[in-house]
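In case you want the letters, here they are:
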Amino acid sequence: SCNPLAGISVKNGNDLDFCLKWNDGKKGFKGLAQEYRFRKSPENAEYKNQVGYIWVADEVDNTMAEVTKDEAKPFKDALKDGGHVNLGVIVMGQSANVSTSKGLSIDDQKMMSNIYIDPVSIRTFLTQYGERFYSKKAVEKALNTLEELELEIEEQNEIICDTAREFRIAMVTANRS
């Protein structure tokens, strides 16, 4: 991901600055808070309207475990208000079990599009939180479908020698769909 704050465009240069500004999530959260506050200020409306910003964070589950609620608040505010300040957030983490994160609730995740990659993560999400997003019948159907897919994929993958080509399962949740 290119760093939009460097003032360098992929379209007009070969000297790209990649997002290596912060070497840990806590510093990244502080940077996001500064950018968010700057964009909220009325005197910066022209900048906000002309410069889009996408914040990309890996290991967000670990970062959320390290930050206080006050430090996590700008991230949550950006989720709620990002469209109004031309700011997007892409986060990656390993845990589908939101209760392990002190800074991010399942209700906060309703503001995101979530991608669960692997049957364990999908099953964890559906059993722990599914009924907060979907009807009981829809959750039961999804779990049954997951069981069927797992069996089918396991059978298909037996004949594939290259693990990179194996079939995998993913589930996307977005806006209750």
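A few points on the structure. (Residues numbered from 1 in each chain as written. Predicted model: local features only at pLDDT ≥ 70, side-chain atom pairs only at ≥ 80, totals over all residues. Heavy atoms only, no water.)

1. Brief notes about the nonpolar core
F29, L32, W55, M64, F75 and L87 are the most contacted members of the largest nonpolar core, which totals 17 residues. Within the residue set of this core, elements represented by two or more residues are helix 1 (25-40), strand 1 (53-57), helix 3 (60-66) and helix 4 (69-85). The element contributing the most residues to this core is helix 4, with five residues. Among the nonpolar cores identified, the runner-up in size contains 13 residues, and F133, L146, I169 and M171 belong to it. (Core = buried A, V, L, I, M, F, W, Y, C linked by side-chain atoms within 4.5 Å. Buried < 20%, exposed > 50% of the residue type's maximum accessible area, 1.4 Å probe, protein only. Helix = DSSP H or I, 4+ residues; strand = E, 2+ residues; numbered from the N terminus.)

2. Some points on the packing of helix 6 (residues 119-133) against helix 7 (residues 136-157)
At their nearest, the axes of helix 6 and helix 7 sit 10 Å apart, and the two run at 170° to each other. Taken together, the axes of helix 6 and helix 7 are roughly antiparallel relative to one another. For the crossing formed where helix 6 meets helix 7, the hand is left-handed. Across from P119, I122, R123, L126, T127, G130 and E131 in helix 6, the residues of helix 7 making contact are K136, V139, A142, L143, L146, E147 and E150. Residue classes in the contact of helix 6 with helix 7 are distributed as seven nonpolar, two polar and five charged. (Axes fitted to C-alpha atoms, helices over the stretch in contact; angles between N-to-C directions. Parallel < 35°, antiparallel > 145°, perpendicular 65-115°, else oblique. Left-handed = near helix turned anticlockwise from the far one by under 90°. Contact = heavy atoms within 4.5 Å. Nonpolar A, V, L, I, M, F, W, Y, C, P; charged D, E, K, R; others polar.)

3. Focus on helix 7
Across its 22 residues, helix 7 extends 31 Å between first and last C-alpha, which sits within 8% of the 32 Å expected from 1.5 Å per residue. Every buried residue of helix 7 is accounted for by V139, L146, I153 and N157. End-on, the buried residues of helix 7 take up no more than an arc of 50°, which puts them together on one face. In helix 7, the exposed positions angled more than 90 degrees off the buried face are occupied by K137, K141, E148, L151 and E155. Where helix 7 is buried, its residues contact helix 6. (Expected span 1.5 Å × (residues − 1). Arc of directions from axis to C-beta.)

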